[in-house]
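These are the residues of each chain, in order.
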Amino acid sequence: MSINSLDEKSFATSVLNKKGTTIVDFSSEWCGTCKILGKALEELSPKYSSINVFKVDVDSNMGLAMKYKVGSVPFIVVFKDGVPVDQMTGFSGKGSLESLFTKYA
């Protein structure tokens, strides 16, 4: 399953104005670890259908990266009813990512 990309225009509709849990993967095309994390998100997201999952390219969406204080990629922000409630910097394996999904499912 492919993860849909957001830009600054679609972010409000898809994340901030959305009820429920949304996980946003702030990443970059040049980041190898981001690609590995992206694959793990693609594998896990179908198991947690109650959670919306999106990605944001920080190079193309600097305003969003600055707003959510993305200092390095990959950087995940968990939103609950449009409000950021948790974050994760880096990627330490599929298990840690699945723990995040389980926590908010």
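Residues numbered from 1 in each chain as written. Predicted model: local features only at pLDDT ≥ 70, side-chain atom pairs only at ≥ 80, totals over all residues. Heavy atoms only, no water.

**Focus: unusual backbone geometry**
Apart from glycine, the bulk of residues carry a negative phi angle, and the bulk of peptide bonds sit in the trans form. Residues Val-73 and Pro-74 are joined by a peptide bond in cis, for which omega reads 0°. Checked against the element boundaries, Pro-74 lands in the loop between α3 (62-67) and β4 (75-80). Unusually for a residue other than glycine, Asp-81 sits at a positive phi of about 50°. Among the structural elements, Asp-81 can be located in the loop between β4 and β5 (83-89). (Helix = DSSP H or I, 4+ residues; strand = E, 2+ residues; numbered from the N terminus.)

**Comments concerning helix α4 (residues 94-104)**
Among all positions of α4, only Leu-97, Leu-100, Phe-101 and Tyr-104 are buried. In a view along the axis of α4, the buried residues occupy a sector of 95°, so they form one face of it. Buried residues belonging to α4 abut β2 (21-27), α2 (32-44), β3 (51-57), β4 and β5. (Buried < 20%, exposed > 50% of the residue type's maximum accessible area, 1.4 Å probe, protein only. Arc of directions from axis to C-beta. Contact = heavy atoms within 4.5 Å.)

**As for the environment of Pro-84**
Residue placement: Pro-84 occurs in strand β5. Separated by 71 residues in the primary sequence, Pro-84 and Thr-13 place their C-alpha atoms 15 Å from one another. Not counting chain neighbours up to four residues away, the residues in contact with Pro-84 comprise Tyr-68, Val-77, Val-78 and Phe-79.

**Digging into the pairing of β5**
A regular strand places its side chains so that they alternate between the two faces of the sheet. Bridge count for β4 against β5 is 6 bridges, and the pairing is antiparallel. What sits directly across from Lys-80, in β5, is Val-83. (Pairing = 2+ DSSP bridges.)

**Concerning the packing of α2 against α4**
Between two packed helices, what matters for the description is the angle formed by their axes and the separation of those axes. Axis separation between α2 and α4 bottoms out at 10 Å; the angle between their running directions is 45°. Regarding the angle of α2 to α4, the classification is oblique. Judged by the twist between their axes, the crossing of α2 over α4 is right-handed. In contact with Leu-37, Ala-40, Leu-41, Glu-43 and Leu-44 of α2, α4 contributes Lys-94, Leu-97, Glu-98 and Phe-101. Here the contact of α2 with α4 is built from residues that sort into 6 nonpolar, no polar and 3 charged. (Axes fitted to C-alpha atoms, helices over the stretch in contact; angles between N-to-C directions. Parallel < 35°, antiparallel > 145°, perpendicular 65-115°, else oblique. Left-handed = near helix turned anticlockwise from the far one by under 90°. Nonpolar A, V, L, I, M, F, W, Y, C, P; charged D, E, K, R; others polar.)

**What to know about the packing of aromatic side chains**
If you walk through the whole model with that rule in mind, you get 7 aromatic pairs. Between Phe-11 and Phe-79, the ring centres sit 5.8 Å apart and the planes meet at 75°, which makes this aromatic pair edge-to-face. In this pair, Phe-11 is assigned in helix α1 (residues 8-16) and Phe-79 in strand β4, connecting sequence segments 68 residues apart. By relative accessible area, Phe-79 is classed as buried at 0%. (Phe/Tyr/Trp six-rings, centres within 6.5 Å; stacked < 30°, edge-to-face > 60°.)

**Examining the pattern of salt bridges**
Enumeration over the complete set of coordinates arrives at 3 salt bridges. Measuring nitrogen to oxygen at the nearest pair gives 2.5 Å for the salt bridge that ties Glu-43 to Lys-94. You can see Glu-43 sitting in helix α2 and its partner Lys-94 sitting in helix α4, a full 51 residues away along the chain. Judged by relative accessible area, which is 46%, Glu-43 ranks as partly exposed. The class for Lys-94 is partly exposed, based on a relative accessible area of 37%. Between Lys-103 and Asp-86 there is a salt bridge, and its shortest N-O distance comes to 3.2 Å. Of this pair, Lys-103 sits in helix α4 while Asp-86 is found in strand β5, placing the two residues 17 residues apart along the sequence. A residue is classified by how much of its surface remains accessible, and Lys-103, at 56% relative accessible area, is exposed. (Salt bridge = Lys/Arg side-chain N within 4 Å of Asp/Glu carboxyl O.)

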